[in-house]
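Fold and geometry: a report
Read off the chains here:
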Amino acid sequence: MLPRLSLFALSQLAGGLAGAWLAGPWGAVAGLCAAPWLWLAWDGWQGARLLAWLRAGEGQQPRLAGPWGEAADRTRRLLRRGRQRERAADARLAAILAALQASPNGVTLLDAQDRIEWCNQTAQEHFGIDAGRDRLQPIANLVREPEFAVCLAASEPGAGVLLAGRAGTAARPVRLSVHLHAYGEGRRLLLSRDITQLEQAEAMRRDFVANVSHEIRTPLTVLVGFVETLQNLPLAEAERARYLALMAEQGARMQRLVQDLLTLSRLEGSPPPGLGDWVDAGALLQGCQGEAQQLSALLCPPGQGHVLAIAAPDGAGTGAAIAGSAAELHSALANLLHNAVRYTPPGGRIEAGWQPLADGGLRFFVSDSGPGIAPEHLPRITERFYRVDAGRSRGSGGTGLGLAIVRHVAQRHGAELQVASTLGEGSRFCIDFPPARVRGAAAGSA
Ligand SMILES: Nc1ncnc2c1ncn2[C@@H]1O[C@H](COP(=O)(O)OP(=O)(O)OP(=O)(O)O)[C@@H](O)[C@H]1O
Ligand SMILES: [Mg+2]
């Protein structure tokens, strides 16, 4: 206020002095009267320029004197600070939305009327909604499952429900776990999570426990039965010996099962073998050949043994080596050979060996003239405890884990297990090792 009054007084003094200088005392009076009006006009013009600049909201700040200039400066600074704050808030909002967008779970923001305000890409896929098209659409119109409507109506915090995801098909259903959380003034956060794999893993775990229990219960029941018989009945020495032999067989079966389970869990829980250790392919085959011959001699009546042709055609694999774990590779190859021996009737023909692949890889193959496997069993044959003929497999001491172990070993060595079989004609199992894990194999066509 003081500067304006000073300016006003100064303008009057200047008017009076100018009037006196130009026209004497009357001039001074006229100057004194005119000066305030001139000052008022100039002051009004300054104010009008400031207002015009503020109304425009943009453009160069006008150069104004005195308090108008200071008002313009302060207004400009205030505006600049406001814009900075606005930009920072925008950036924060963008960062929060980007974080929500990156969330592996579906995030949908609902307003007080349960209409969609915003949703991330995952939520769009889960509920089959379009963030742009369906904005401000009531969520109940888009997710119409009755259980979701009940959950939406429930007011308790964190209400949840399980729904079928839109991306699912009859063959591959998708399961969603959906939860609602209240926030702000009547708003709600809809969180959705794909739990398909979790449910599958849980189902697998249940199956696994059921299978293991079943596999253990059978020999255990037999064992307990024999123990009771031995305890309660006076048996002849020969009969006692027979019972004890049967008990030892059941005990060995349980031991095999536990060993196979431990092998599987070790294979699943440890990192894949590195490329540093090389295992001689010929020596591997030789080791398995001896075991297969012994098993064949054990299973077949004398003179009716299998025809075993376990050698590489034209010496393929001789001098070749595979990078990996010797124990695991031996277990995989032996499992395939043992299956061929166990499931091929006496007198049948079994061939096994190495074949170089065109890409520089190496194939281990086992083919037999056994009963073969029906096509409907082939996709499941490497599942744990899956048996084509359960009675036959158990009768021959099988646990149903052999091919599951082979598949794991193959995967850990970057190899692929292939099965081809014709019912009544025989089966052929191959493990194709990639060139990166093979050295010294003469390239050829498989
Ligand atoms: N060469 C084969 N010929 C015919 N059937 C086979 C052959 N190899 C495997 N199978 C079938 O596949 C099933 C699964 O084989 P897998 O080796 O996993 O289990 P297993 O032989 O029953 O028990 P083990 O754990 O002792 O190997 C077998 O039960 C058998 O029915
Ligand atoms: Mg087997």
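Coordinates for the structure precede this section.
The rules we used
- Residues numbered from 1 in each chain as written.
- Chains lettered and ligands numbered in written order.
- Predicted model: local features only at pLDDT ≥ 70, side-chain atom pairs only at ≥ 80, totals over all residues.
- Buried ≥ 20, exposed ≤ 12 C-beta atoms within 10 Å, placed from the backbone.
- Helix = DSSP H or I, 4+ residues; strand = E, 2+ residues; numbered from the N terminus.
- Contact = placed C-beta atoms within 7 Å.
- Expected span 1.5 Å × (residues − 1).
- Axes fitted to C-alpha atoms, helices over the stretch in contact; angles between N-to-C directions.
- Parallel < 35°, antiparallel > 145°, perpendicular 65-115°, else oblique.
- Left-handed = near helix turned anticlockwise from the far one by under 90°.
- Nonpolar A, V, L, I, M, F, W, Y, C, P; charged D, E, K, R; others polar.
- Pairing = 2+ DSSP bridges.

This next bit is on helix α11 (residues 402–412). Judged by how many residues are buried, α11 sits mostly within the fold: 9 of 11 residues are covered. Those residues of α11 that sit buried are G402, L403, A404, I405, V406, R407, H408, V409 and A410. Taken together, the buried residues of α11 touch α7 (237–269), α9 (326–343), β11 (416–422) and β12 (426–433). Phi for G414, located one or two positions after α11, is positive at around 70°.

Right, let's talk about α9 for a bit. For α9, with 18 residues, the first-to-last C-alpha span of 26 Å sits near the 26 Å given by 1.5 Å per residue. Residues E328, L329, A332, L333, N335, L336, L337, N339, A340, V341 and Y343 constitute the buried set of α9.

What follows deals with the packing of α7 against α11. Two elements in contact, α7 and α11, have axes whose closest approach is 10 Å; the angle formed by their N-to-C orientations is 20°. Overall, the two elements α7 and α11 adopt an arrangement that is roughly parallel. Between α7 and α11 lies a crossing of left-handed hand. The segment α7 lies against α11, with D260, T263, L264, L267 and E268 engaging A404, I405, H408, V409 and R412. A breakdown of the residues in the contact of α7 with α11 according to their chemical character gives 5 nonpolar, 2 polar and 3 charged.

Before going further, it helps to examine the sheet that holds strand β7 (residues 307–310). A sheet is described by the order of its strands in space; here 5 strands give the open sequence β7-β9-β10-β12-β11, paired in mixed fashion. Whereas interior strands pair on both sides, the edge strands pair on one side only; in this sheet they are β7 and β11. Neighbour-to-neighbour, the strand axes of the sheet open up by a mean angle of 10°, direction not taken into account. Where α9 meets the sheet, it contacts β9 (349–356), β10 (362–368) and β12, and its direction lies at approximately 15° from that of β10.

So, to be careful, I would describe these as geometric facts and stop short of saying anything about function.
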